[in-house]
Amino acid sequence: MRTLRAALLALALTSAGCAYLPDDPGESTLVCRNDSECAEGEVCFLDGCGDPGEHIIVEVTPNPKTGLHAQDFPVENLRPQQQLELFGPASLAGQVLRETLQSSPSTTAYFRPVSLRVTGESLLIPGLTRRYDSSLVPDNGQYALYVGSGSYSITLLAEDPEVPPLTETRVVEPGRTVPLDFLLPASAAVTRLSGQVVRQGSTRVDADLEVQALDESLRPLSQRVPVSRATGGFQLALPPSAAKLEHVLVQVTVPRGDPLVPQKTFTVDPRPGLTPPLELGDYGEPVTVKGRVVSLEGQPVANASVYLQGKVGGGGQFRSRAVTTGTDGRFELLSLPSHPDTPLTLYAVPPPSSTAGLTLQATAIPRGGVTLKDVTCPDKVVIQGSLLRPEGLPAAGVRVIAEPVGEVTGWPRPAVGTEAEATDEDGIYRLRLDPGEYRFDFIPAENLPRVSRFVTVLPSTNAELAPFTLSKGRRINGTVTLAEPAYDSPIPGVAYASIRFFRVVNVEGRPTSVLLAETVSDSTGHYAASLPTR
């Protein structure tokens, strides 16, 4: 989307009229700034001009506590009275069985604790992720898990570390029960991989470590198991098919409580069953790093988060614990020495309220520790603009939220967004941001629809966006109901359901969704929302 976002920003900064993108594969190629630049009956959306009644998908989340998770519905013709009739619960259900290799191959019900991790996204709303986690004990091998509609990857992890994880994929539609059985391999058929983690030579690692086997796509082949602190030994249980692989990845990681050891990934041949010792290498001893974070004016930056990350001796990857600067801007942290040929990267992240911005600095950390020169943060970029009501008057009291959606060259993607103070009586807003690509969401306080735009924020380049006119709103009302309501339900509607309206379009050939409105049904299931109109 970067080309289109850049075009939108350039238009907002410089143009008073319309522009066309010659190769945009989407249905609408008009890059616009307000509705008056669109054809009759069209509205200026984030991706350009379009029919406000088309490409609408509604997400309804009724009541997860009762097994009713998110359901998505396309709206072919958006009407002032839009009734939302829901299906019943959707679920994954089936058996957890284990093979037995006794006199003849057979299966038996598995009844020990397992965890199910379900990750995926909506079938109809691009980019809308969904995740469900459940720990359960199969009832004579049987299980059921309620989920929302979506396309999922489902991983079963047994509490028994001798059982390798299993991963399946399924598509779940609203109101459907999707069968999914898991067949765990027999204990005798499991591929076992034993080994030892050492620091260097015969020197043990005096820290808590964990290991896990992964395939080339980083899908887990084993559970994550602890390494013996006394001996460095470990044993992994992999699926029977792993015995035919030429190599797997074995990842050595450090639990969060003890980060002063690097993590490292090794390529291992699983077929012998016993791997040579995995050496983390000579990564040195923890050292103290001190310094001070200041602004461009040399003033201390308080409450900034500071940490070091990168390659260390032995080739492993390391990230220090983050520390917070004091009122004097000073910090002190523990780090491993940097690799002889590669400095670590120091990250200084000032708080959102600070005028100082994020900075990255290549920093060599010697084995004796170091007191750094002042770490100077650039100023955040100031983005200012103004909003107008549909009739042309200043739009006061509008919330403006900047949500990171990408990065610009040479800078990491901003970790969090920020919100400006509501627009003043002249409709003016001002944001201080780190470089990156953002989606600006304009959310009026009254019955006008929310509007979104892409804005690219470049380093050291303050920008004043051209005035932007909000769309008119039309009120959509309706009731959320169940196709088969509970027999003892005292009300016909679904109370306190979360409802979100999205517009789904192609931007540079990729399906993209934009939130148009969100609301909650009342105690009787009735709802109201304001959507754009012309």
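Conventions we followed
Residues numbered from 1 in each chain as written. Predicted model: local features only at pLDDT ≥ 70, side-chain atom pairs only at ≥ 80, totals over all residues. Heavy atoms only, no water. Salt bridge = Lys/Arg side-chain N within 4 Å of Asp/Glu carboxyl O. Buried < 20%, exposed > 50% of the residue type's maximum accessible area, 1.4 Å probe, protein only. Phe/Tyr/Trp six-rings, centres within 6.5 Å; stacked < 30°, edge-to-face > 60°. Helix = DSSP H or I, 4+ residues; strand = E, 2+ residues; numbered from the N terminus. Pairing = 2+ DSSP bridges. Axes fitted to C-alpha atoms, helices over the stretch in contact; angles between N-to-C directions. Disulfide = S-S within 2.5 Å. Contact = heavy atoms within 4.5 Å.

**A word on the pattern of salt bridges**
This model, assessed by the stated rule, comprises 23 salt bridges. Across the pair Arg450 and Asp441 runs a salt bridge whose closest N-O atoms are separated by 3.5 Å. Comparing Arg450 with Asp441, the two get one shared label, buried.

**Remarks on the packing of aromatic side chains**
A complete count under the given rule lists eight aromatic pairs for this structure. Relative to Phe87, the ring of Phe73 has its centre 6.2 Å away and its plane inclined at 15°; by these criteria the two rings are stacked. Within this pair, whereas Phe73 is found in strand 6 (residues 71–75), its partner Phe87 is found in the loop between strand 7 (84–86) and strand 8 (90–101), the two being separated by 14 residues in sequence. Overall, the relative accessible area of 15% leaves Phe73 in the buried class. According to the relative accessible area criterion, Phe87 is partly exposed, its value standing at 41%. Seen in terms of ring centroids, Tyr143 and Phe182 are 6.2 Å apart; in terms of plane orientation they differ by 45°. Their pairing is tilted. With Tyr143 in strand 12 (residues 142–147) and Phe182 in strand 16 (residues 182–184), this residue pair connects regions lying 39 residues apart in the sequence. For Phe182, a relative accessible area of 2% gives the class buried.

**Examining the sheet that holds strand 42 (residues 498–507)**
Strand pairing in a sheet takes place through backbone hydrogen bonds and is either antiparallel or parallel in direction. Reading across from one edge, 6-5-42-43 is the order of the four strands in this open sheet, with antiparallel pairing throughout. With one partner strand each, in any of the chains shown, strand 6 and strand 43 (510–520) form the two edges of the open sheet. Neighbouring strand axes in the sheet, compared pairwise and without regard to direction, differ in orientation by 25° on average. Strand direction decides the pairing type here: strand 5 (residues 56–61) and strand 6, joined by five bridges, are antiparallel. What sits directly across from Ile57, in strand 6, is Pro74.

**Re the state of the cysteines**
A complete count under the given rule lists one disulfide for this structure. The residue that forms a disulfide with Cys38 is Cys49, at a sulfur-sulfur distance of 2.0 Å. As the torsion about the S-S bond is roughly -75°, the Cys38-Cys49 disulfide counts as left-handed. Of this pair, Cys38 sits in the loop between strand 2 (30–31) and strand 3 (43–45) while Cys49 sits in strand 4 (residues 48–50), placing them 11 residues apart in sequence. Under the relative-accessibility criterion, Cys49 is labelled buried at 1%.

**Concerning the side chain of Thr469**
Mapped onto the secondary structure, Thr469 falls in strand 40 (residues 468–469). Ignoring sequence-local partners within four residues, the contact set of Thr469 consists of Arg33, Asn34, Leu388, Arg389 and Pro390.

**A look at the sheet that holds strand 22 (residues 264–268)**
Read across the sheet, four strands follow the order 19-18-21-22 without closing on themselves; strand pairing throughout is antiparallel. Only two strands of the sheet have a single neighbouring strand rather than two, namely strand 19 (225–226) and strand 22.

**Quick notes on unusual backbone geometry**
Backbone geometry at Leu218 places phi at a positive 65°, although glycine is not the residue there. Residue position: Leu218 is located in the loop between strand 18 (210–214) and strand 19. The exposed category is assigned to Leu218, whose relative accessible area is 55%. We note that Asn303 has phi near 60°; this positive angle belongs to a residue other than glycine. Relative to the helices and strands, Asn303 resides in the loop between strand 24 (287–294) and strand 25 (305–311). For Asn303, a relative accessible area of 53% translates into the label exposed.

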